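Here is how the chains run, residue by residue.
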Amino acid sequence: MRLEGNVALVTGAGSGIGRAIAEAYAREGARLAICDLDEAAARTTASAIEEAGGEAVAIAMDVTDEAAVNAGVDETANRFGRIDTMVSNAGIQIVHPIEDFPYDEFRKVVDIHLGGAFLLTRACVRHMYPRRSGSLIYMGSVHSHEPSPLKSAYVAAKHGMLGLCRVMAREGGRHGVRSNIICPGFVKTPLVERQIPEQARDLGISQEEVVEKVMLGRTVDGEFTTLEDVADIAVFLASFRSSALTGQSIIPSHGWYMG
Ligand SMILES: NC(=O)c1ccc[n+]([C@@H]2O[C@H](COP(=O)([O-])OP(=O)(O)OC[C@H]3O[C@@H](n4cnc5c(N)ncnc54)[C@H](O)[C@@H]3O)[C@@H](O)[C@H]2O)c1
């Protein structure tokens with residue numbers, strides 16, 4: 001088991017990519033803090049891990065709430081004695097052409113992705129630095145590198161997370177803490193399923209065209225990235241043994257973006 005003894009905290013772990021990463025970590029022997037705004041979903045993931053023989057605690061956490069993030073991170077460290085791996089994954093998507101984009105919705109997207117990543121990082125490194133060890137993993141996106149129409153808030157936030165990840169590679173390096181970002185192409189999760197009809201409406205095309213042209217048109221093989229693909233990379237990053245791999249962006253996207 002590649003993560004025996006590892007303590008990992010994953011946000012947005014009640015659904016989709018976060019849940020897949022948490023379950024993969026548990027299978028590799030990690031103990032998990034399952035954090036999500038949706039407390040019931042967090043409990044469901046934690047129960048599934050425990051039923052499979054793993055160890056997990058569910059924590060209700062809005063990643064934009066400074067006090068809640070600090071409390072959830074401290075609770076994790078108190079319960080398990082340490083934090084080795086942070087996965088800043090919680091996220092939402094809101095799409096509009098910029099001329100119709102309500103400012104409160106723009107702020108909401110940026111606050112959750114970028115503000116949440118900042119708050120979580122700050123709380124976690126306070127536990128990692130004294131032990132001179134830790135792995136920060138951010139859930140970016142191909143949109144950390146590439147723009148798409150209608151996604152001004154999301155693309156800006158995901159580019160910001162790439163910058164934060166790189167700053168943390170420099171700041172954390174002196175404290176033995178690594179920092180990397182996973183930048184997937186489209187993965188079929190509730191976040192993406194919701195976008196298909198919305199984009200069809202905003203772009204004036206069919207839902208099939210959204211999938212074939214907008215989402216997968218620039219892949220090498222017309223395939224979605226899978227939850228397993230992303231979870232495998234998250235395990236690899238959490239289990240990597242040295243700081244040789246830090247400040248890096250890993251892009252599972254079927255060749256959509258070749259960075
Ligand atoms: N699905 C994709 O194609 C794709 C591609 C690239 C990157 N991503 C990124 O992966 C991450 C996870 O997305 P997903 O596709 O699994 O979505 P999802 O909707 O399945 O899961 C997102 C989870 O985040 C939680 N969440 C939302 N707001 C929160 C908040 N304020 N505080 C705490 N938790 C909150 C939700 O309750 C949900 O459980 C996101 O950061 C997303 O941007 C997704």
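Because the structure is a prediction, the values reported are computed rather than measured.

### Considering the domain arrangement of the protein
So, point 1. Once the domains are mapped, the protein shows domain 1 (7-185 + 226-242) and domain 2 (186-224).
So, point 2. Look at where the C-alpha atoms of domain 1 and domain 2 centre, and you get two points 24 Å apart.
So, point 3. Taken together, the contact between domain 1 and domain 2 spans 14 residues of the former and 11 residues of the latter.
So, point 4. Elements with a contribution of two residues or more to the side of domain 1 that touches domain 2: α1 (16-27) and α8 (227-239).
So, point 5. A class-by-class count of the residues in the side of domain 1 that touches domain 2 yields eight nonpolar, six polar and no charged.

### Some thoughts on the site of the ligand
So, point 1. Close contacts around the ligand come from 29 residues, with G12, G16, G91, T189 and L191 the closest.
So, point 2. Contributing elements (two or more residues each) for the shell around the ligand: α1 and α6 (190-203).
So, point 3. When residues of the shell around the ligand are assigned to domains, at least three fall in each of domain 1 (7-185 + 226-242) and domain 2 (186-224).

### Details of the pairing of strand β3 (residues 55-60)
So, point 1. Inspection of the sheet shows strand β2 (residues 31-36) paired to β3 by six bridges, in the parallel sense. Note on β3: the bridge partner recorded for C35 is I59.
So, point 2. This β-α-β element, β2 to helix α2 (residues 39-51) to β3, shows right-handed connectivity.

### Description of the pairing of strand β1 (residues 7-11)
So, point 1. Burial analysis of β1 places five of its five residues in the buried class, the great majority of the element.
So, point 2. Side-chain alternation along β1 places V7, L9 and T11 on one buried face and A8 and V10 on a second face that is also buried.
So, point 3. On the question of chirality, the crossover connecting β1 to the parallel β2 by way of α1 is right-handed.
So, point 4. Of the strand pairs in this sheet, β1 and strand β4 (residues 85-88) are connected by three bridges, and their pairing is parallel. Bridge pairing links L9 to M86 in β4.

### A look at the sheet that holds β4
So, point 1. Ordered by their spatial adjacency, seven strands build an open sheet running β3-β2-β1-β4-β5-β6-β7, and the pairing between neighbours is parallel. What marks the edges here is a single partner per strand, and that holds for β3 and β7 (248-250). Within the sheet, the average angular offset between the axes of one strand and its neighbour, ignoring direction, is 20 degrees.
So, point 2. Here five bridges tie β1 to β2, and the two strands are oriented parallel to one another. Counterpart to V7 in the pairing with β2 is R31.
So, point 3. Sheet contacts for helix α5 (residues 152-173): β5 (134-139), β6 (177-182) and β7; angle to β6, the most-contacted strand, approximately 160 degrees.
So, point 4. Running over the sheet, α8 touches β1, β4, β5, β6 and β7 and is turned about 155 degrees from β5.

The rules behind each value
Residues numbered from 1 in each chain as written. Predicted model: local features only at pLDDT ≥ 70, side-chain atom pairs only at ≥ 80, totals over all residues. Domains from an automatic or database assignment. Contact = placed C-beta atoms within 7 Å. Helix = DSSP H or I, 4+ residues; strand = E, 2+ residues; numbered from the N terminus. Nonpolar A, V, L, I, M, F, W, Y, C, P; charged D, E, K, R; others polar. Near = placed C-beta within 6 Å. Pairing = 2+ DSSP bridges. Right-handed = clockwise from strand over helix to strand, strands pointing away. Buried ≥ 20, exposed ≤ 12 C-beta atoms within 10 Å, placed from the backbone. Axes fitted to C-alpha atoms, helices over the stretch in contact; angles between N-to-C directions.

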